[in-house]
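# A look at the structure
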Amino acid sequence: MGNQEVEKKIMSIVAEDGSIEEVEVILAFEFKDTNKEYVIYTKNEKDENDNITVYVSHVDRSSGEPRLLGVEDEDEWNRIKDVLRELSKAE
């Protein structure tokens, strides 16, 4: 049975300058009470402590084409940080 490869989920995002980047999706989730959808992704960059940098965006589907927006709301951020903490415990 062993040797199962985990399939990476790759997503293309359009940067603000219009260029397209491919990123790896770590987790996509939704807060049911707010119906807001989020995605946690990485460009596989490492910081000075050799940790992989991750990004979190709010997924806006109101225009038909999904757009990634920054998270501005502090309460939202705190909830997302809880999700990230749970994720890091699972590894």
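Residues numbered from 1 in each chain as written. Predicted model: local features only at pLDDT ≥ 70, side-chain atom pairs only at ≥ 80, totals over all residues. Heavy atoms only, no water.

### Topic: the pairing of strand S2 (residues 20-31)
Which entries qualify depends on this criterion: By this definition, two strands are paired if DSSP reports at least two bridges between them. Secondary structure elements are defined from DSSP: runs of H or I of at least 4 residues count as helices, runs of E of at least 2 residues count as strands, and each element is numbered from the N terminus.
For strand S1 (residues 9-14) and S2, the ladder comprises six bridges, and the chain directions are antiparallel. The residue bridging lysine 9 from the neighbouring strand is valine 25, located in S2. With antiparallel pairing between neighbouring strands as the criterion, S1 and S2 make up a hairpin whose turn holds five residues, including glycine 18 at a positive phi of roughly 95 degrees. Relative to strand S3 (residues 36-46), S2 is paired through seven bridges, and the arrangement is antiparallel. Within S3, the residue paired with phenylalanine 31 across the bridge is lysine 36. In textbook terms, the turn of a hairpin is the stretch between consecutive antiparallel strands, and for S2 and S3 this stretch comprises four residues, one of which, asparagine 35, has a positive phi near 55 degrees.

### Focus on unusual backbone geometry
Selection criterion: When a residue's accessible area, from a 1.4 Å probe over protein chains only, is under 20% of the maximum for its type it is buried; when over 50% it is exposed; and in between it is partly exposed.
With phi around 55 degrees, asparagine 35 is a residue other than glycine that occupies positive phi space. Structurally, asparagine 35 can be placed in the loop between S2 and S3. Here asparagine 35 falls in the exposed class, since its relative accessible area comes to 58%. In this structure, asparagine 44 is a non-glycine residue whose phi angle is positive, near 55 degrees.

### Some remarks on the pattern of salt bridges
Where we set the bar: Here a salt bridge means any side-chain nitrogen of Lys or Arg lying within 4 Å of a carboxyl oxygen belonging to Asp or Glu.
The full count for this structure, using the stated rule, is eight salt bridges. Between arginine 67 and aspartate 60 there is a salt bridge; the shortest N-O distance is 3.9 Å. The partly exposed category is assigned to arginine 67, whose relative accessible area is 42%. For aspartate 60, a relative accessible area of 15% corresponds to the buried category. Close ionic contact of glutamate 86 with lysine 89 constitutes a salt bridge, the shortest N to O distance being 3.2 Å. Of this pair, glutamate 86 and lysine 89 both sit in helix H1 (residues 74-90), three residues apart, roughly one helical turn.

### Structural notes on the sheet that holds S2
For the record, the criterion: Angles here are taken between N-to-C directions and fall from 0 to 180 degrees, while the axes themselves are lines fitted to C-alpha atoms, restricted in helices to the stretch in contact.
Pairing is antiparallel in the open sheet, where five strands are placed in the order S1-S2-S3-S4-S5. Each having just a single partner strand, S1 and strand S5 (67-69) make up the two edges of the open sheet. Between one strand axis and the next, the sheet turns through 50 degrees on average, direction left out of account. Sheet topology places S3 next to strand S4 (residues 52-60); seven bridges connect them, and they run antiparallel. Looking across to S4, one finds that valine 39 is bridged to serine 57.

### What about the side chain of aspartate 60?
Note the following rule: Any pair of residues with heavy atoms lying within 4.5 Å of one another is described as a contacting pair.
Take aspartate 60: it is sitting in strand S4. With near-sequence residues (within four places) excluded, aspartate 60 lies in contact with Glu65, Pro66, Arg67 and Leu69.

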